[in-house]
Structures are given as C-alpha cells and as structure tokens.
Amino acid sequence: MKYMILVSHGDFANGLHDALQMLAGKRDDVLSIGLGKDSNVDELAENFAKLIEPVTENDQILVLADLIGGSPLTTVLNVLNEKGFMPNTQIMGGMNLPLALTSVLMKDTFDGDVLSEMVLKEAHEGLREYVIAAEEDDDI
C-alpha cells in the first residue's frame, strides 16, 4: 500500500485531512498528525509510532508537511528512520489543499520525480490572487 501522511504544527494536518475526506472520500491510506500547542515532540513521536502501526516495510510513504525543517516533520522522519521506512519515503513541504488533493488522487498512479513534479505544479498553480472587478456606477 502507499500511504500519505499529513504532518503539521497544530491542527492544520487534521483539518486538511478532513477537507480531503470531503473531496476524495474517506481513505484508509491517508493519515494525519499534528504537534499540539500543549504537547512536545516526545509525545508526537509516541503518537506517530502508534498511528503508523499498520504500515509495513513493504509499503510506500508520501509525507506532506507544513514546513520543511519544522519540529513535527523532523520528529516524524526520526520515527520513520527508526522503523527503517525512509528508503520507501518521499517528502514534500509547504502543503496546501491542491497539493494534498492531487497527491491523494495521483499517488497510486505515479512515483518519485514524476509524482513530485505533478503535485508541486498543481500546488503552485493553486496559489494566485483572486481579483473581483468592481462594477462602475454610470449614475455618478
């Protein structure tokens, strides 16, 4: 199986997971975890180890994180490394809804650089300013 794991500070990953369920349906291959404001990285590591109990060394893992280099991601990667899962793990940072949605829909079809290129392109294209042109009042 190919798992997608959402990792963040606070409840962002869990909220994004909820939004994904609305758009892509409930999936057993999508997991999420966040570092709560009242918790520490040791608690996160313990909770993450429990969360990934179904994952085996034969599974592939796609990790989407809010920030590259942040405590939640580094903690999760340490746990994955301890379990020997890093060779089968792909990591992307700066997650947003277009990135997560494209990832969940394409992760089983594409791998490696092709998947990264596709989902990162979607994530970038999802970032734009939305401008509404004001109507001019001809009566003035």
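Just above, that's the structure.
Structure report, in brief. (Residues numbered from 1 in each chain as written. Predicted model: local features only at pLDDT ≥ 70, side-chain atom pairs only at ≥ 80, totals over all residues. Heavy atoms only, no water.)

## With respect to the sheet that holds strand β4 (residues 89-93)
Alright, step 1. Overall, parallel pairing links the four strands, which are arranged β2-β1-β3-β4 in an open sheet. The sheet terminates laterally at β2 (30-35) and β4, the two strands that pair on one side only. Direction aside, neighbouring strands of the sheet carry axes that sit 20 degrees apart on average.
Alright, step 2. By the bridge criterion, five bridges tie strand β3 (residues 60-65) to β4 in an arrangement that is parallel. Following the sheet pairing, V63 is matched in β4 by I91.
Alright, step 3. Along the sheet, helix α3 (residues 71-82) makes contact with β1 (2-9), β2, β3 and β4, crossing β1 at roughly 140 degrees. (Pairing = 2+ DSSP bridges. Helix = DSSP H or I, 4+ residues; strand = E, 2+ residues; numbered from the N terminus. Axes fitted to C-alpha atoms, helices over the stretch in contact; angles between N-to-C directions. Contact = heavy atoms within 4.5 Å.)

## Some details on the pattern of salt bridges
Proximity of charged atoms lets side chains of opposite charge pair with each other.
Alright, step 1. For the structure shown, the criterion picks out seven salt bridges.
Alright, step 2. One salt bridge in this structure joins D29 and R27, with 2.8 Å as the shortest N-O distance.
Alright, step 3. Classification of R27 as partly exposed rests on a relative accessible area of 22%.
Alright, step 4. For K121, the salt bridge goes to E125, with nearest N and O atoms at 3.8 Å. Here E125 and K121 lie together in helix α5 (residues 112-125), a separation of four residues that amounts to about one turn.
Alright, step 5. Judged by relative accessible area, K121 falls into the exposed class, the value being 52%.
Alright, step 6. The exposure class assigned to E125 is partly exposed, which follows from its relative accessible area of 38%. (Salt bridge = Lys/Arg side-chain N within 4 Å of Asp/Glu carboxyl O. Buried < 20%, exposed > 50% of the residue type's maximum accessible area, 1.4 Å probe, protein only.)

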